[in-house]
Number of protein chains: 2
Amino acid sequence: MRALGRHVLAEFYDCPFEVLNDLKQVERNMVQAALDAGAEVREFVFHKFSPQGVSGVVVISESHLAIHTWPELGYASVDVFTCGDRVDPWDACKILKESFQAGSVEAQEIARGMNVPLHKVAVNF
Amino acid sequence: MRALGRHVLAEFYDCPFEVLNDLKQVERNMVQAALDAGAEVREFVFHKFSPQGVSGVVVISESHLAIHTWPELGYASVDVFTCGDRVDPWDACKILKESFQAGSVEAQEIARGMNVPLHKVAVNF
């Protein structure tokens, strides 16, 4: 068995309120991290909540990046999900830690699609 | 400490090729599952890949649903991430298992935002 995808789930703590609450900056940070990690950006959509908070997703050829921010808590949940061997999700995660100026980050990697039969995967790759 | 969000990561196996490869059907299934689970849909974006496969995300007020399909493997990775107590991510997951006609599903729930200081969360809720 091999995994089809690598999914990094990251918790960003102690980020500046104004960074997490700025729709355009959040969008720019996420798209730029995808590009800088070598991903191919297909679509993206971001939404600003009232009174605060931003949610958004970047669909990449290799899967997606997602973020939800709680500016009042200095917290953002960040997902970087990649398939294939070309893009390392941890690269994007490290770039995002910098661009969101996170004081601390907790992250884990979850393997996705582990139980697709090997002979089928072999045909696909 | 309490979690800010609940994130269900599900692996859908043995789904029909034609269901996983139909952009409009995938989009409809995802949006409908969000609505039927009681979520408020804000934005959605879906993308069809060549020669096959669909990726897409539904941004909801409560966070997001995401899917990536490998029709040739009968496989889809499905994420349902919800914050707050109003929507149960497992409800959407069960609805999606039916609408994608998955032969089997493996799923796990990951708590998100566990280490936001409690006094800050108390203000937010």
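Residues numbered from 1 in each chain as written. Chains lettered and ligands numbered in written order. Predicted model: local features only at pLDDT ≥ 70, side-chain atom pairs only at ≥ 80, totals over all residues. Heavy atoms only, no water.

1. A short note on the overall build of chain A
Then, in step 1: Each helix and strand in chain A was counted, giving four helices and six strands.
Then, in step 2: Its C-alpha atoms give chain A principal-axis dimensions of roughly 50 × 25 × 25 Å.
Then, in step 3: Counting all 125 residues of chain A, 54% fall into the buried class.
Then, in step 4: Here the contacts in chain A between residues at least 6 apart in sequence split such that 62% fall between residues at least 24 apart.
Then, in step 5: Per element, the accessible surface of chain A, about 5000 Å² overall, is 51% carbon and sulfur.
Then, in step 6: The distance from the centre of the 11 positive side-chain charges to the centre of the 17 negative ones in chain A is 6 Å. (Helix = DSSP H or I, 4+ residues; strand = E, 2+ residues; numbered from the N terminus. Buried < 20%, exposed > 50% of the residue type's maximum accessible area, 1.4 Å probe, protein only. Contact = heavy atoms within 4.5 Å. Areas by Shrake-Rupley, 256 points an atom, 1.4 Å probe, with all protein chains shown as cover. Lys, Arg positive; Asp, Glu negative; His and termini not counted. Charge placed at Lys NZ, Arg CZ, Asp CG, Glu CD.)

2. Examining the sheet that holds strand S2 (residues 41-48) of chain A
Residue and element names in this part refer to chain A.
Then, in step 1: Strands sit in the order S2-S3-S4-S5-S1-S6 across an open sheet of six strands; the sheet is antiparallel. One side of each edge strand has no neighbouring strand; the edge strands of this open sheet are S2 and strand S6 (104-112). The mean angle between the axes of side-by-side strands here comes to 10°, regardless of whether they run parallel or antiparallel.
Then, in step 2: Pairing of strand S1 (residues 5-13) with strand S5 (residues 75-83), which is carried by eight bridges, proceeds in the antiparallel orientation. By the bridge assignment, Phe12 is partnered in S5 with Ala76.
Then, in step 3: Helix-sheet contacts for helix H2 (residues 23-36) involve S2, strand S3 (54-60) and strand S4 (63-70), and the interaxial angle to S2 is about 155°.
Then, in step 4: Sheet strands touched by helix H3 (residues 89-99): S1, S4, S5 and S6. Its angle to S1, the strand with the most contacts, is close to 15°. (Pairing = 2+ DSSP bridges. Axes fitted to C-alpha atoms, helices over the stretch in contact; angles between N-to-C directions.)

3. A short note on the UniProt feature "active site" (unreviewed entry) in chain A
Then, in step 1: Residues annotated by UniProt as "active site" (unreviewed entry) correspond here to A:Ser63, A:His68 and A:Cys83. Residues that both appear in the annotated list above and line the largest pocket are A:His68.
Then, in step 2: As for its placement among the helices and strands, A:Ser63 is situated in strand S4.
Then, in step 3: Here A:Ser63 is in contact with A:Val58, A:Phe81, A:Thr82, A:Cys83 and B:His68, once residues within four sequence places are set aside.
Then, in step 4: Of note, A:His68 is situated in strand S4.
Then, in step 5: Beyond its immediate chain neighbours, meaning those up to four positions away, A:His68 contacts A:Val54, A:Ser55, A:Tyr75, A:Ala76, A:Ser77, B:Ser63, B:His64 and B:Phe81. (UniProt positions renumbered as here; feature names shortened; annotations may be inferred. 1 Å grid on protein atoms, 1.4 Å probe; cavity = no way out; pocket = protein on both sides within 12 Å on 5 of 7 lines; lining within 4 Å.)

4. Brief notes about the packing of helix H2 (residues 23-36) of chain B against helix H3 (residues 89-99) of chain B
Residues and elements named next belong to chain B.
Then, in step 1: As a packed pair, H2 and H3 sit with axes 9 Å apart at the nearest point and diverge in direction by 145°. Classified by chirality, the crossing of H3 by H2 is right-handed. Taken together, the residues of H3 that come into contact with H2 (itself represented by Asn29, Met30, Ala33 and Asp36) are Ala92, Ile95, Leu96 and Ser99.
Then, in step 2: Residues belonging to the contact of H2 with H3 are distributed by class as follows: five nonpolar, two polar and one charged. (Left-handed = near helix turned anticlockwise from the far one by under 90°. Nonpolar A, V, L, I, M, F, W, Y, C, P; charged D, E, K, R; others polar.)

5. Some thoughts on the interface of chain B and chain A
Then, in step 1: Counting residues at the interface gives 42 residues for chain B, matched by 42 residues for chain A.
Then, in step 2: Summed over both partners, the interface of chain B with chain A buries about 3500 Å², with 62% contributed by carbon and sulfur atoms.
Then, in step 3: For the interface between chain B and chain A, the tally reads four salt bridges.
Then, in step 4: Taking the shortest distance from any N to any O, the salt bridge between A:Arg112 and B:Asp79 comes out at 2.9 Å.
Then, in step 5: Here chain B is connected to chain A by 24 residue pairs in polar contact (both at pLDDT 80 or more).
Then, in step 6: Broken down by secondary-structure element, the contributors of at least two residues to the side of chain B that touches chain A are strand S1 (5-13), strand S2 (41-48), strand S3 (54-60), strand S4 (63-70), strand S5 (75-83), strand S6 (104-112) and helix H4 (118-124) of chain B.
Then, in step 7: A per-class count over the side of chain B that touches chain A returns 22 nonpolar, twelve polar and eight charged. (Buried area = accessible area lost by both parts, 1.4 Å probe. Salt bridge = Lys/Arg side-chain N within 4 Å of Asp/Glu carboxyl O. Polar contact = N/O pair within 3.5 Å; in protein donor to acceptor, adjacent residues only side chain to side chain.)

6. Quick notes on the environment of B:Gly103
All names here are of chain B.
Then, in step 1: Topologically, Gly103 is positioned in the loop between H3 and S6.
Then, in step 2: Given a relative accessible area of 51%, Gly103 falls into the exposed group.
Then, in step 3: Taking the C-alpha atoms as reference, Gly103 lies 16 Å from Asn29; in sequence the two are 74 residues apart.
Then, in step 4: Not counting the four nearest positions on each side in its chain, Gly103 is found in contact with Tyr13 and Asp14.

7. Things to note about the pattern of salt bridges
Residue and element names in this part refer to chain A.
Then, in step 1: Per the counting criterion, the structure on display carries 14 salt bridges over all chains.
Then, in step 2: Of the charged contacts, one joins Asp88 and Arg6 as a salt bridge, the two residues approaching to 3.7 Å between their closest N and O atoms. Of this pair, Asp88 sits in the loop between S5 and H3 while Arg6 sits in strand S1, and the two are 82 residues apart along the sequence.
Then, in step 3: Note on Asp88: relative accessible area 28%, which makes it partly exposed.

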